[in-house]
Amino acid sequence: MGTPKRPALRIVNEQDVLVQLRGTQDRIADAITAFAGTMTFVYLHALWFTVWIVCNEGVFGEGAIWDPYPFGLLTMIVSLEAIFLSTFVMVSQNRQAARENVRADLDFETNVRSEVWSIHMGRALGVDPVEVERRVQELLAENRARMNGTATNATPQPPEGK
């Protein structure tokens, strides 16, 4: 007689699912968004704007001026950069929403699995599922009342049989 075959547990890792959803374009968008959200990005832009304005104000001579005041080229470049950065941020937000959906789906699957196992174990132990569910509903109602600030100062009752 061989060893009994064990049921395969299908536990999905969130990171494995996300890796499958992430393409090259997503990695690029995430990298750009991550860099744009740093102080290094701010410092580089402050330096870039300072050099641009100083050069175009003629501090280094007339030959160094390529975008005279009111700096139309700089304005156009900054506007285009803002458009692209906002698009990258939206792409990253969409990916974050997809990650949250995957996480919620996996949490739901785990909760269903736990509930099914609990019911089976409870039956095997002779626990009345109707009584357990009634008590769960009471506790959830008490918790909601506390969260809404409408709870009474009643002393919590210990579970029956204790």
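Thresholds applied
- Residues numbered from 1 in each chain as written.
- Predicted model: local features only at pLDDT ≥ 70, side-chain atom pairs only at ≥ 80, totals over all residues.
- Heavy atoms only, no water.
- Helix = DSSP H or I, 4+ residues; strand = E, 2+ residues; numbered from the N terminus.
- Buried < 20%, exposed > 50% of the residue type's maximum accessible area, 1.4 Å probe, protein only.
- Contact = heavy atoms within 4.5 Å.
- Areas by Shrake-Rupley, 256 points an atom, 1.4 Å probe, with all protein chains shown as cover.
- Axes fitted to C-alpha atoms, helices over the stretch in contact; angles between N-to-C directions.
- Parallel < 35°, antiparallel > 145°, perpendicular 65-115°, else oblique.
- Left-handed = near helix turned anticlockwise from the far one by under 90°.
- Nonpolar A, V, L, I, M, F, W, Y, C, P; charged D, E, K, R; others polar.
- Salt bridge = Lys/Arg side-chain N within 4 Å of Asp/Glu carboxyl O.
- Patch = residues over 30% accessible without salt bridge, like charges linked within 9 Å, V, L, I, M, F, W, Y side chains within 5 Å.
- Phe/Tyr/Trp six-rings, centres within 6.5 Å; stacked < 30°, edge-to-face > 60°.

Next up on the list: the overall build of the protein. Across its full length, the protein carries five helices and zero strands. Counting helices and strands in the order they occur from the N terminus, the protein gives α-α-α-α-α. Scored against the burial criterion, the 162 residues of the protein give a buried share of 12%. For the protein, contacts bridging at least 24 residues in sequence account for 55% of all contacts bridging at least 6. As displayed, the protein has an accessible area near 13,200 Å², and 64% of this comes from carbon and sulfur atoms.

Moving on, we come to the packing of helix α3 (residues 39-56) against helix α4 (residues 72-125). Taken N-terminus to C-terminus, the directions of α3 and α4 make an angle of 165 degrees; their axes are 11 Å apart at the nearest point. Taken together, the axis directions place α3 and α4 in an arrangement best described as roughly antiparallel. The element α3 and its partner α4 pack so that their crossing is right-handed. Here Phe41, His45, Trp48, Phe49, Trp52 and Ile53 of α3 lie close against α4, whose contacting residues are Leu73, Leu74, Ile77, Val78, Glu81 and Leu85. Here the residues of the contact of α3 with α4 sort into ten nonpolar, one polar and one charged.

Moving on: the environment of Leu106. If you trace the backbone, Leu106 turns up in helix α4. Note: C-alpha distance between Leu106 and Val17 (89 residues apart in sequence) is 9.9 Å.

Before going further, it helps to spend a moment on the environment of Asn13. Assignment of secondary structure puts Asn13 in the segment before α1 (14-21). Sequence separation of Asn13 and Arg103 is 90 residues, and the distance between their C-alpha atoms is 9.5 Å.

Glancing now at the pattern of salt bridges. Overall, the coordinates contain six salt bridges when judged by the stated rule. Between Glu138 and Arg134 there is a salt bridge, and its shortest N-O distance comes to 2.0 Å. Taken together, the residues span about one helical turn, with Glu138 and Arg134 both in helix α5 (residues 129-148) at a distance of four residues. The exposure class assigned to Arg134 is partly exposed, which follows from its relative accessible area of 35%. Three or more residues are tied together by salt bridges with common partners; here these are Glu131, Arg134, Arg135 and Glu138.

What follows deals with the side chain of Ser92. In this fold, Ser92 is placed in helix α4. Residue classification places Ser92 among the buried positions, given a relative accessible area of 11%. Once you skip the residues sitting within four places of it in the chain, Ser92 turns out to touch Ala29, Asp30, Thr33 and Arg99.

Turning to a nonpolar patch on the surface, a few remarks are in order. Together, Trp66, Leu73, Met76, Leu80, Ile83 and Phe84 line one region of the surface with nonpolar side chains, adding up to about 600 Å² of accessible area. Structurally, the position occupied by Met76 is in helix α4.

Looking now at the packing of aromatic side chains. Scanning all chains against the criterion turns up five aromatic pairs. Taking the centre distance of 5.2 Å and the plane angle of 75 degrees together, the rings of Trp52 and Trp66 count as edge-to-face. With a gap of 14 residues between them, Trp52 in helix α3 and Trp66 in the loop between α3 and α4 connect regions that are remote in the sequence. The class of Trp66 is partly exposed, set by a relative accessible area of 45%.

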